[in-house]
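Structural overview
One letter stands for each residue in the lines below.
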Amino acid sequence: MSGQKLVGSERQEALSQIPQWKEAEGRDAIKRTFQFNDFKEAWAWMNKVADVADKDDHHPEWFNVYNKVDVLLATHTCNGVSDKDIKLAKTMDSFFQN
């Protein structure tokens, strides 16, 4: 993973692989809301994601209230969306069961 900012057709191709994610307004980032059955399920998902994120040294910005987790991904070293964000988004999607 290079961590280089994705632009142009490369960016559009990468975003097409994660259709549930949207570009964030006012910031070069991607976002998604995950909704679970309850708090315990949301927390278990966050723990699973945290293990992967920590190993890759690429951490999400997220906000949790009860069964909902709002996630924002951006690569701070390139000040935008990179392949690291696409990889983490795919991981999050794969862990999501609903």
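For the structure, see preceding data.
Residues numbered from 1 in each chain as written. Predicted model: local features only at pLDDT ≥ 70, side-chain atom pairs only at ≥ 80, totals over all residues. Heavy atoms only, no water.

**Points about helix α3 (residues 83–95)**
Structural remark: α-helix, 3.6 residues per turn; residues separated by three or four positions point the same way. A rise of 1.5 Å per residue sets the reference length of α3, with its 13 residues, at 18 Å; its end C-alpha atoms lie 19 Å apart and thus fit the reference within 8%. Along α3, the positions that sit buried rather than exposed are D85, I86, L88, A89, T91, M92 and F95. Its buried side turned inward, α3 meets α1 (8–16), β2 (30–35), α2 (39–56), β3 (61–65) and β4 (68–73). Of the residues flanking the start of α3, the one acting as N-cap is S82, its side-chain oxygen 3.1 Å from the backbone nitrogen of K84. (Helix = DSSP H or I, 4+ residues; strand = E, 2+ residues; numbered from the N terminus. Expected span 1.5 Å × (residues − 1). Buried < 20%, exposed > 50% of the residue type's maximum accessible area, 1.4 Å probe, protein only. Contact = heavy atoms within 4.5 Å. Polar contact = N/O pair within 3.5 Å; in protein donor to acceptor, adjacent residues only side chain to side chain.)

**Topic: the sheet that holds β4**
Each strand in a sheet pairs with another by means of backbone hydrogen bonds, the pair being arranged parallel or else antiparallel. Taking strand neighbours across the sheet as the criterion, the four strands line up as β1-β2-β4-β3 in an open arrangement whose pairing is antiparallel. Strands with a single pairing partner mark the edges of an open sheet, and in this sheet they are β1 (22–23) and β3. In terms of strand pairing, β2 meets β4 through six bridges, oriented antiparallel. Bridging from a neighbouring strand, T33 pairs with D70 of β4. Across the face of the sheet, α2 comes into contact with β2, β3 and β4 while running at roughly 160° to β3. (Pairing = 2+ DSSP bridges. Axes fitted to C-alpha atoms, helices over the stretch in contact; angles between N-to-C directions.)

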